[in-house]
Amino acid sequence: MAGGGGGPGPGKEKAGSRPPWVGLAAAVWVQVAAGSAYVFPLYSDAIKDALGYNQKALTMLGVGNDVGENVGLVPGLLANRLPPWLILAIGSACAFFGFGTLWLAVTKTVAMPYWVLWIALCIGTNSSAWLGTAALVTNMRNFPLSRGTVAGLIKGYVAVSAAVYTETFNGMLGNSATNLLLLLALGIPTACIVVMYFVRPCTPSLDEDNSTEHSHFMYTQISSVVLGVYLMVATILGDTLNLSQAVTYLLFGIMILLLLAPLAIPIKMTLYPNKQTKEKPNTLVPSYSTDSLSGADPENSEPLLGSAAATLATGTNESDDSTDLDVLLAEGEGAVNLKKKRGPRRGDDFTFLEALVKADFWLLFIVYFCGVGTGVTVLNNLAQVGMSVGANDTTILLCLFGFCNFVGRILGGSISEYFVRSRMLPRPFWMMCTQIIMVVTFLLFATGLHSLIYVSTTLLGICYGVQFAVMIPTVSELFGLKDFGLMYNFMLLVNPLGAFFFSALLAGYIYDKEAARQHPGVLEPSNCYGPDCFRVTFYVCAIVCCCGTLVSVLFIARIKPVYQMLYASGSFRHPRSQQQLH
């Protein structure tokens, strides 16, 4: 494998030792930095005022913000070819040049045309894709038996990053948009440079009965929830009260300490090493791990599945595109060897192109599109939705959605992890459940009642977060970790697609049409009030989620035998891939 490992250092680390936990603690800071796309509302008005743009031009910049954040095919493609530190370095460069260009424009240091700013914003927010890919792929491989928990934690800290930036913006930067842009241009590269050495592949622990590891994850989850609650309270206090500078500094200092909380695990492991922890002689290294990744010797690996499981594995893939009869006929004619002809089965390590032709890949894409594509519509228009029903203080509404999105990601990862281990319940079951709740939520939004706006926002935020946390480990379980970075980033294309179809085309058109009806004679009315501003949009979103629920039922039925195979022992068992990562 060319350039796959990312350095010689971690190759020989003992499984379950400190380095993976150091990397997870470092990934927290990477993911908080990666939330730069969430803070566009904090400096968008400054761009509009300083450069004299109208609302339509500003909306198109918002599209550029979404495109940059979610189009991560390039970092996904390079995830197996470049070491994590180099991917982080490229993301840092994107942030420096992208947000640095915006800072030059807003401060009027350099005059720039609109299209340059649009591209600069895409480049700046694309740093999120590079940083997120490095942190997520590396930690998913370092903790392969706790994929749901790791995915929920990693993506949870991205969700809470909006509150971190908001707290920093309100408290330390004096509500200055130019200072915020300078922080994004210089702070993101600085944070990545400090931690990039620690975000690296290590030999994973494959001991599913490790109670110490479970307690470590529990501590990390609790500390992240405490951080989320603290940030929500601090944001509300800062928005409603006139806090002194000393109190502001105190609140900011507490936030930094809570962000450092995951580092307590490797510190504790250093001061109080568990001498009873020994590497099992039959410890198995997943097929994606190579010498450059983990230092393990694939030759010493034993089959992960017994004969019964192997029989089940054969039975679960009867619907695969290539039939055994065709393979046998080809082999009988001397055209091909059986092992070489048969492609990977669900649960093996797929290449991206092999996954792209599988029905399960596109069923997951459709289910994810129905949930997240509709959710991002409300997220992008939440301020206007609130104002249309009389909720004038939309800051609290945005803070509530962000916190619930964070909670949904944590819960989605941990709950799906528990039930997949104890009941072999396919993770997309929770996507189906949340989409059913989203149908009800969109109908509540459609009523246009001020008393229901906070309840609706809470439910939608949680469901939106669950979709993220469940999709990520599902991709890795069905198609392996070999090309996981590319597959995961391909799934993220759902966000800009949903924003384009449901937000720009549908919600934007209906909102402007109703605003024109309410303000006859006004050339370009900017505000719309009442339930009719978004009612049709919410009905359409509810119908889409109904379709997503039906598709998820079919999807769950197809993949249920796969999860019975992978989790038959009560813990993840990676089947032997027919293709090694070289």
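Above this text you will find the structure in question.
Below you will find a few notes about this structure. Quantities reported herein were computed from a predicted structural model and do not represent experimental measurements. (Residues numbered from 1 in each chain as written. Predicted model: local features only at pLDDT ≥ 70, side-chain atom pairs only at ≥ 80, totals over all residues. Heavy atoms only, no water.)

Structurally, the α-helix is built with 3.6 residues per turn, so residues lying three or four positions apart point the same way. Helix length check: helix α2 (residues 40–51) (12 residues) gives 16 Å between terminal C-alpha atoms against 16 Å at 1.5 Å per residue, within 8%. Among all positions of α2, only F40, Y43, S44 and I47 are buried. The buried residues of α2 occupy one face: seen down the axis, they fall within an arc of 125 degrees. Along α2, the residues that are exposed and aim more than 90 degrees away from the buried face are P41 and D49. Positive phi appears at G52, one or two residues downstream of α2, with a value of about 70 degrees. (Helix = DSSP H or I, 4+ residues; strand = E, 2+ residues; numbered from the N terminus. Expected span 1.5 Å × (residues − 1). Buried < 20%, exposed > 50% of the residue type's maximum accessible area, 1.4 Å probe, protein only. Arc of directions from axis to C-beta.)

This part covers unusual backbone geometry. Here N175, not a glycine, exhibits a phi torsion of approximately 60 degrees, which is positive. Structurally, N175 is set in the loop between α7 (147–171) and α8 (177–195). Non-glycine residue M424 carries a positive phi angle of around 55 degrees. Following the sequence through the fold, M424 ends up in the loop between α18 (394–422) and α19 (428–447).

A word on the state of the cysteines. Under the defined criterion, the tally for this structure stands at one disulfide. Here C528 connects covalently by a disulfide to C533, the sulfurs 2.0 Å from one another. Classification of the bridge connecting C528 and C533 rests on its S-S torsion, roughly -90 degrees, and on that basis the disulfide is left-handed. We note that C528, like C533, is buried. Not engaged in a disulfide, the cysteine C433 finds its nearest cysteine sulfur in C463; these two sulfurs lie 9.7 Å apart. (Disulfide = S-S within 2.5 Å.)

Time to look at the nonpolar core. Ranked by size, the top nonpolar core spans 148 residues in total, and within it Y43 and F442 carry the most contacts. For this core, the element with the most residues is helix α20 (residues 453–479), which contributes 12 residues. Excluding its chain neighbours within four sequence positions, the residues that come into contact with Y43 are N65, F99, L102, L121, A177, L180, L181 and L184. (Core = buried A, V, L, I, M, F, W, Y, C linked by side-chain atoms within 4.5 Å. Contact = heavy atoms within 4.5 Å.)

Let us look at the packing of aromatic side chains. A complete count under the given rule lists 30 aromatic pairs for this structure. Between Y197 and F198, the aromatic rings sit 5.4 Å apart at their centres with planes inclined by 80 degrees, giving edge-to-face as the arrangement. What makes Y197 exposed here is its relative accessible area of 53%. The class of F198 is partly exposed, set by a relative accessible area of 35%. (Phe/Tyr/Trp six-rings, centres within 6.5 Å; stacked < 30°, edge-to-face > 60°.)

All right, on to the packing of helix α9 (residues 211–240) against helix α11 (residues 264–271) then. Packing of α9 against α11 leaves a shortest axis separation of 10 Å and a crossing angle of 145 degrees. Facing α9, whose interface residues are T212, H216, Y219 and T220, α11 presents A264, I265, K268 and M269. (Axes fitted to C-alpha atoms, helices over the stretch in contact; angles between N-to-C directions.)

By the secondary structure assignment, L257 is in helix α10 (residues 245–259). The class for L257 is exposed, based on a relative accessible area of 61%. Along the sequence, L257 and L227 sit 30 residues apart, while their C-alpha atoms lie 9.4 Å from each other.

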